[in-house]
Structures are given as C-alpha cells and as structure tokens.
Amino acid sequence: MDLRRLSSFLAVVEEGHFGRAATRLFLSPAAVTGHIQQLEREFGTPLLERSPVAPTPAGRRLASHARTLLAAANAALDDVAEVAQGAPRRPLRVGVMGHGSAEVTPAAVSAFRRARPDVPLSLVQLNFTEHCSALREDRVDVAFVRPVFQSEGITVDVLTTEQRIVVVSAASSLADAAREGVRRADIIDLPYLRLPPHTPRPFTDYLYFDEGERRSPDYALTPHDCLTSVAAGRGAGSALKSFARYYPWPGTVYIPVLDAPWAHSVLATRDKDPDPEVRIFRALTVALARELGPAAAR
C-alpha cells in the first residue's frame, strides 16, 4: 500500500469531505479522488460512501489500520532524523556492586573514556541482589559483581581473586584478631546480616561461607547497610579483602579468614551482546585485570 493513498483516505474519513481533505493535504481534489479509487481497486471493495461521504464497514476497518501504519511511518522518520542530526546516543551503563572489582573498576572506566571519548558512560549502583537481574532487565550493559556465578545467557569474566575477610564491631571479642586472622570455625556462628529472600544463591553462599546461619535482626542490601549495622553491634558481614581499603568505617574491624577459599569479583555481560561498546569495554577490562589483578588482591 502506498502511504500517500492511505493518508488521503484517512483525511477524507476525518474531514467527511473530499474538498476539505484535499485542502488539508495541499493536493487537488482530483488527486485525492484518484488515491481513494486506487485503494478501492487494491482491496476490491468500496471504502467510502459518496453521498454523504462516510466510510463503509471495510473503510472503517481500514481507517483503524491506516492510523497505526501512518503513526509508525512518522515515528520511523523521526527516529532516523534524530540519528542523522547527531542526536545524543544512549550511554554505556556500567553497573557496580559495592566497590566493584577494586582498582580494576575505576581503571576500566577511565580506559574506556579515553578510548571512546564520544560515547557517554553512566555508573549504576547495584545492590547485593542484582547479579543478573539488572542485565536481564536491560538496566545496565555490563556489571561488576561478586562472587563468580553461572547463569544462562550471561558471560562472566573473573577479574580478581582475593582473600576473604569478616567485618565485626570494634567491641566484638574477635576484634583483637585483626592482625593474626581467624579460621572459619571461629566465625561461622557470627550473627551475619540477613539478605532478602530473592537474593541469588551464589551471593548468600558467599556471604555466609556456605553454611553460616543468619542471626542478625538487620537486613543489608548495600555496603552502607552492612557497615552501619556492624558498627552498631547488630551483626557481622563478610567480604573480599579489598573491601577494607574502600570502606574504612569507624567502629568496625576487618579480620582475615585464613582457611576460607579465596573468592572472585567478576564482570558480567549478556551473551553475544551486539553493542560494539560492550565488547570494547569488556576487552579493556579483562586486559586491565591481568595487569592490575595482583595489586587488587593484595
């Protein structure tokens, strides 16, 4: 169907008059009449009653479709025009859980901004439950999260591998062990902060060392939640060693867990994401992780 003919048809329906429709479209009445006749030949049925001018049952049905088709065509024209006129593009959205992957995260953001100065970049803070959901719901394009996990449709690149620590109140009986460290048997029954029920299993296993019970009255979704409760003596938390460098907090003590398996921070992306900026950011980040990994894990 020719969109010009549809436009003429819809104008006649809305105006109820061939002459007024022609004036509205800056066409001659003969041109508008010709468009309607051509459409009627294409559909093989009358679309308009002529006296008075009104759509037939087939015409009423076509009018509904014509509005949709013409609106879609106009939207396509506007969309392409925005690109042609240099309209601002959507930024690359970088999700960061807590402090991300230690020094790797700010280095990757800076490297991308140098490599792609014309591409806007925005940082999105993620909470402890958003390992996959922010990517799946298209709220971010890449995500610095922890620990390592497997999920269909998500690619995970390990960036740092670090010693585990626990975070306790300065008034805790364990606070004096900050230098020499503790073992899992010493900390497995700490009153760890609770997490919402929808928190992914990899993060709950990580936080509670696979077996610890949640005895704190408080819930935590962010590092701030965790440290506020710990400093008040209302619970304990666990983290990667680099957490202590990024979150010095009065009233809290960080203690190495000597016999806990080291854990990972990762960059998560959607499988086969077609956005070239995602591929560039991922390549830069993985390369920087190889260079900075030992420093991040110290």
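Below is a summary of the structure that appears in this document. Just so it is clear, the model here is predicted, and its values are computed rather than measured. (Residues numbered from 1 in each chain as written. Predicted model: local features only at pLDDT ≥ 70, side-chain atom pairs only at ≥ 80, totals over all residues. Heavy atoms only, no water.)

**So, unusual backbone geometry**
That bond from Ser51 to Pro52 is cis: its omega, -5°, falls within 30 degrees of zero. Omega for the peptide link from Arg146 to Pro147 comes to -5°, which places this bond in the cis form. For Pro147, the position within the fold is in the loop between β5 (142-145) and β6 (154-162). The backbone phi angle of Ala102 is positive, close to 55°, even though this residue is not glycine. As for its placement among the helices and strands, Ala102 is situated in the loop between β3 (92-97) and α5 (104-115). Unlike most non-glycine residues, Lys272 shows phi in positive territory, near 55°. Topologically, Lys272 is positioned in the loop between β10 (263-270) and α11 (276-296). Residue Lys272 is classed as exposed on the basis of its relative accessible area, which comes to 83%. (Helix = DSSP H or I, 4+ residues; strand = E, 2+ residues; numbered from the N terminus. Buried < 20%, exposed > 50% of the residue type's maximum accessible area, 1.4 Å probe, protein only.)

**As for the sheet that holds β5**
Here we have five strands laid out as an open sheet, ordered β4-β3-β5-β10-β6, and mixed in their pairing. Taken across any chain shown, the strands that pair with only one partner, and hence form the sheet edges, are β4 (121-126) and β6. Sheet twist, expressed as the mean angle between neighbouring strand axes with direction ignored, is 20°. Bridge count between β5 and β10: four bridges; the pairing is antiparallel. Opposite Ala143, over in β10, you have Ala268 as the bridge partner. Those strands touched by α5 are β3, β4, β5 and β6, and its axis lies near 160° from that of β4. (Pairing = 2+ DSSP bridges. Axes fitted to C-alpha atoms, helices over the stretch in contact; angles between N-to-C directions. Contact = heavy atoms within 4.5 Å.)

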